[in-house]
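The lines below spell out each chain.
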Amino acid sequence: MALLEVLKFPDSRLRHKGKVVDKVTPEMQQLADDMLETMYAEKGIGLAAIQVGVEKRLLVIDIQPQGESDRYELEAGMTDLEKQVKLPIVIFNPEITKKEGKTTYDEGCLSVPGFYESVTRAKYIEVKGLDRDGNPVEYKLDGLLSICMQHEIDHLDGKVFIDRLSPIKSNRIKAKIKKFGYPKPEDEEKEEEKEPATI
Ligand code: QAP
Ligand code: CO
């Protein structure tokens, strides 16, 4: 097991596309395990191989909070479909075969830490691919799992969630990152504390 470095926007490698995995080799399984370990260590709920600089179509997802992390407000309850899914999800060559409805969620990303914005995506999706053993799998997803799967598949196509915002919002975030870089977690807390309530 090993922790991997997560690339931060605007790293140009986040614009690369993942290549189809022809065969799920032990090396590919090791990569999947390292990505899961990295995702848990960084308190994420999803991670795509592109984010760790590997150009393969592989992503991992787990929306069950690990330890005390309760950032993702799962007290609202999982949907019936979500409860049926065995977590974590490890999927190679994910392909969306069906999309239905629309839903909006305040998304974040381990490659854009500290920034959260509303993104609209399909509410329900069906996805097929290969599991950790190289066997075909199919998922029917809604709720946070559906959103997360679409967000991670975007990474495999060189897309980051801020690309899906209005140009005004996305340019504002890009400019802020260019100018200030990313806030350290301590700075973020301090800023919240001293921020006066504004009307
Ligand atoms: C993608 O994102 C996602 O800013 C996964 O300081 C997010 O795991 C899909 C994270 C929301 C659907 C909804 C972000 C951790 C983790 C941060 C993540 C941060 C620490 C983001
Ligand atoms: Co992301």
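Report follows, based on the coordinates. (Residues numbered from 1 in each chain as written. Chains lettered and ligands numbered in written order. Predicted model: local features only at pLDDT ≥ 70, side-chain atom pairs only at ≥ 80, totals over all residues. Heavy atoms only, no water.)

1. Some words on the overall build of the chain
A count of helices and strands for the chain gives five helices and seven strands. Secondary structure of the chain in N-to-C order comes out as α-β-β-α-β-β-β-β-β-α-α-α. When the 199 residues of the chain are sorted by exposure, 43% land in the buried category. Put simply, of all contacts in the chain between residues at least 6 apart along the chain, 71% involve residues at least 24 apart. (Helix = DSSP H or I, 4+ residues; strand = E, 2+ residues; numbered from the N terminus. Buried < 20%, exposed > 50% of the residue type's maximum accessible area, 1.4 Å probe, protein only. Contact = heavy atoms within 4.5 Å.)

2. What to know about the coordination of the cobalt ion (ligand 2)
Summarising the metal site, the cobalt ion (ligand 2) is bound by the protein donors C109 (SG), H151 (NE2) and H155 (NE2), whose distances to it range over 2.1 to 2.2 Å. Ordering the donors of the cobalt ion (ligand 2) by residue number gives the pattern C-x41-H-x3-H. Of this pair, C109 sits in the loop between β4 (103-107) and β5 (117-121) while H155 is found in helix α3 (residues 143-156), placing the two residues 46 residues apart along the sequence. Each member of the pair C109 and H155 is classed as buried. (Donors = N, O, S within 2.8 Å, 3.2 Å for Na, K, Ca; no water.)

3. Some points on the environment of G44
As for its placement among the helices and strands, G44 is situated in the loop between α1 (26-41) and β1 (46-48). For G44, a relative accessible area of 12% corresponds to the buried category. When the C-alpha atoms of G44 and I61 are compared, they prove to be 8.6 Å apart, with 17 residues separating the residues in sequence. Ignoring anything within four residues of it in the chain, the contact list for G44 reads M39, D62 and L110.

So yeah, pure geometry; function would need other evidence.
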